[in-house]
Amino acid sequence: MEQKTVVLGVIGSDVHAVGNRILDFAFTQAGFKVINIGVLATQEEFIHSAIETNADALLVSSLYGHGEMDCRGLREKCQETGIGKIIMYVGGNLVVGKQDFESVKERFLAMGFDRVYPPGTLPDTPIEDLRNDLGMTID
């Protein structure tokens with residue numbers, strides 16, 4: 001099975017590194033090549049890394065509540081740079097305050113994300129989803 005490449009990072013002015021390291025470990029253990037751009041990542045860094053590594057997916061996390069602002073326009077920038085079809089996942093504490101997750105999810109799907117995960121999602125869920133979305137078969 002060909003190894004798939006994912007770009008992983010924490011977007012915006014967010015310095016929450018523990019979850020990032022957990023995701024890096026989990027996706028690596030699951031057989032993905034992980035390009036971890038770390039914390040305080042810009043949209044441009046996600047895109048540049050994806051182009052440079054011919055990545056199959058962007059895994060964006062945000063835990064400080066400003067993900068909606070930080071993620072807006074990412075799909076359009078991907079389209080402008082020729083990677084408009086790349087799979088994009090986002091997860092974490094994406095908005096400030098207690099908001100209904102379904103409405104948060106709808107807003108991120110409308111922004112062009114393929115999947116949206118609430119706080120506390122275990123890595124197994126996006127790993128399984130990504131395998132399915134990339135058409136990977138388990139040997």
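Residues numbered from 1 in each chain as written. Predicted model: local features only at pLDDT ≥ 70, side-chain atom pairs only at ≥ 80, totals over all residues. Heavy atoms only, no water.

Colleague: What's the story with the side chain of aspartate 14 in this structure? I'm lost.
Modeller: Positionally, aspartate 14 belongs in the loop between strand E1 (5-11) and helix H1 (18-29). Although aspartate 14 lies buried, it forms no salt bridge, and the closest oppositely charged side chain, arginine 21, sits 11 Å away as judged by the N-O distance. Within the local environment of aspartate 14, its side chain forms a polar contact with the backbone nitrogen of tyrosine 64, the two atoms lying 3.0 Å apart. Leave out the neighbours within four places in its chain, and aspartate 14 touches Val39, Leu40, Ser62, Leu63 and Tyr64. (Helix = DSSP H or I, 4+ residues; strand = E, 2+ residues; numbered from the N terminus. Buried < 20%, exposed > 50% of the residue type's maximum accessible area, 1.4 Å probe, protein only. Lys, Arg positive; Asp, Glu negative; His and termini not counted. Salt bridge = Lys/Arg side-chain N within 4 Å of Asp/Glu carboxyl O. Polar contact = N/O pair within 3.5 Å; in protein donor to acceptor, adjacent residues only side chain to side chain. Contact = heavy atoms within 4.5 Å.)

Colleague: It is not clear to me how the side chain of lysine 4 should be interpreted in this structure. Could you clarify?
Modeller: Among the secondary structure elements, lysine 4 is positioned in the segment before E1. Buried and unpaired, lysine 4 has no salt bridge, with glutamate 2 as the nearest side chain of opposite charge at 4.1 Å. In this structure, lysine 4 is in contact with Phe32, Lys33, Asp56, Leu134 and Met136, ignoring residues within four places of it in sequence.

Colleague: Can you walk me through the nonpolar core in this structure?
Modeller: Proteins that are soluble and globular tend to have nonpolar side chains buried together. Counting residues in each nonpolar core, the largest one holds 23 residues, and the members touching the most others are Leu58, Val60, Phe108 and Phe113. Those elements that place two or more of their residues in this core are E1, helix H2 (43-53), strand E3 (57-62), helix H4 (74-80), strand E4 (87-92) and helix H5 (101-110). In contact with phenylalanine 113, not counting residues within four places along its chain, are Val60, Cys71, Leu74, Met88, Tyr89, Val90 and Phe108. Counting 16 residues, the second largest nonpolar core, distinct from the first, contains Ala26, Ile127, Leu134 and Met136. (Core = buried A, V, L, I, M, F, W, Y, C linked by side-chain atoms within 4.5 Å.)

Colleague: Mind showing me how you'd approach the layout of surface pockets here?
Modeller: It is a probe the size of a water molecule, rolled over the atoms, that shows where empty space is left. Each pocket or cavity is described by its volume, and for the largest pocket that value is around 380 Å³. In terms of lining residues, the largest pocket is bounded by 23 residues, among which Leu23, Ser61, Gly91, Gly92 and Thr121 are the most central. It is H1 that provides the largest number of residues to the lining of the largest pocket, a total of five residues. Of the residues that constitute the lining of the largest pocket, the class distribution is 15 nonpolar, eight polar and no charged. Put simply, the second largest pocket is a space of about 200 Å³. What lines the second largest pocket is simply Gly92, Asn93, Leu94, Val95, Gly97, Lys98, Gln99, Phe101, Val104, Pro118 and Pro119. Looking at the lining of the second largest pocket residue by residue, the class counts come to six nonpolar, four polar and one charged. (1 Å grid on protein atoms, 1.4 Å probe; cavity = no way out; pocket = protein on both sides within 12 Å on 5 of 7 lines; lining within 4 Å. Points joined across faces, edges and corners; volume = space filled by probe spheres on them. Nonpolar A, V, L, I, M, F, W, Y, C, P; charged D, E, K, R; others polar.)

All quantities given are derived from atomic positions and should not be read as evidence of function.
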